[in-house]
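Overview (structure and organization)
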Amino acid sequence: MSLLNKPKREMILEELQMWEEEEFNTGPLSVLTQSVKNNAQVLISCHNNKKLLGRVKAFDRHCNMVLENMKEMWTEVPKNGKGKKKSKPVNKDRYISKMFLHGYLVMVVLRNPLITGK
């Protein structure tokens, strides 16, 4: 019986480790696995309407990540003191050298869209 058809509760420890490794290399987490192996940039969209562009150093199955050389990007609408004129949104960003990102915030992870031909 292949590991894909066998229920996880019936697997021994070695089978679970093989199954997890296969999932990390071929499943949805393969984007993060390849990013760590190749030191490639990823774009992460978060629940707080912020985007993170940088390199993943480590991650786990819950999408918790250790990130380096991050650019955090978001938009803000300035508060207008007088009048009823609406202000235009302003793009903001900041550099973060190292951070831990909780997997709860992660919505989407993409390979760096600026690199073409891959």
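Residues numbered from 1 in each chain as written. Predicted model: local features only at pLDDT ≥ 70, side-chain atom pairs only at ≥ 80, totals over all residues. Heavy atoms only, no water.

For the protein, the helix and strand inventory stands at 2 helices and 5 strands. Across the protein, helices and strands are ordered from the amino to the carboxyl terminus as α-α-β-β-β-β-β. Split into buried and exposed, the 118 residues of the protein put 30% on the buried side. Here the analysis covers contacts within the protein between residues at least 6 apart in sequence; of these, 46% occur between residues at least 24 apart. Carbon and sulfur atoms form 54% of the exposed surface of the protein, whose accessible area is close to 9,000 Å². (Helix = DSSP H or I, 4+ residues; strand = E, 2+ residues; numbered from the N terminus. Buried < 20%, exposed > 50% of the residue type's maximum accessible area, 1.4 Å probe, protein only. Contact = heavy atoms within 4.5 Å. Areas by Shrake-Rupley, 256 points an atom, 1.4 Å probe, with all protein chains shown as cover.)

All chains considered together, the criterion is met by 5 salt bridges. Residues glutamate 72 and lysine 50 are paired through a salt bridge, measuring 3.4 Å at the closest nitrogen-oxygen approach. Taken together, the residues glutamate 72 in strand S3 (residues 65-76) and lysine 50 in the loop between strand S1 (41-46) and strand S2 (51-59) connect sequence positions 22 residues apart. For glutamate 68, the salt bridge goes to lysine 57, with nearest N and O atoms at 3.8 Å. Taken together, the positions of glutamate 68 in strand S3 and lysine 57 in strand S2 put the pair 11 residues apart, joining distant regions of the chain. Within this structure, Lys50, Glu72 and Arg94 form a network of salt bridges that share partners. (Salt bridge = Lys/Arg side-chain N within 4 Å of Asp/Glu carboxyl O.)

Okay, a nonpolar patch on the surface next. A surface patch of nonpolar side chains, about 260 Å² in accessible area, is lined by Met107, Val108 and Leu110. The residue leucine 110 is located in strand S5 (residues 106-111) in this model. (Patch = residues over 30% accessible without salt bridge, like charges linked within 9 Å, V, L, I, M, F, W, Y side chains within 5 Å.)

The buried fraction of S1 amounts to 5 of the 6 residues, a majority that puts the element mostly inside the structure. As defined by bridge partners, S1 adjoins S2 across 5 bridges and the pair is classed as antiparallel. Its bridge partner being in S2, valine 42 is matched across the sheet by glycine 54. In this antiparallel pair of consecutive strands, S1 and S2, the connection spans 4 residues, and asparagine 49 shows a positive phi of 60 degrees. Here 5 bridges tie S1 to S5, and the two strands are oriented antiparallel to one another. Within S5, the residue paired with serine 45 across the bridge is valine 108. (Pairing = 2+ DSSP bridges.)

A sheet is described by the order of its strands in space; here 5 strands give the open sequence S4-S3-S2-S1-S5, paired in antiparallel fashion. Whereas interior strands pair on both sides, the edge strands pair on one side only; in this sheet they are strand S4 (90-101) and S5. On average, each strand axis in the sheet is inclined to that of its neighbour by 30 degrees, with strand direction left out of account. Across the face of the sheet, helix H2 (residues 30-38) comes into contact with S1, S2, S3 and S5 while running at roughly 80 degrees to S2. (Axes fitted to C-alpha atoms, helices over the stretch in contact; angles between N-to-C directions.)

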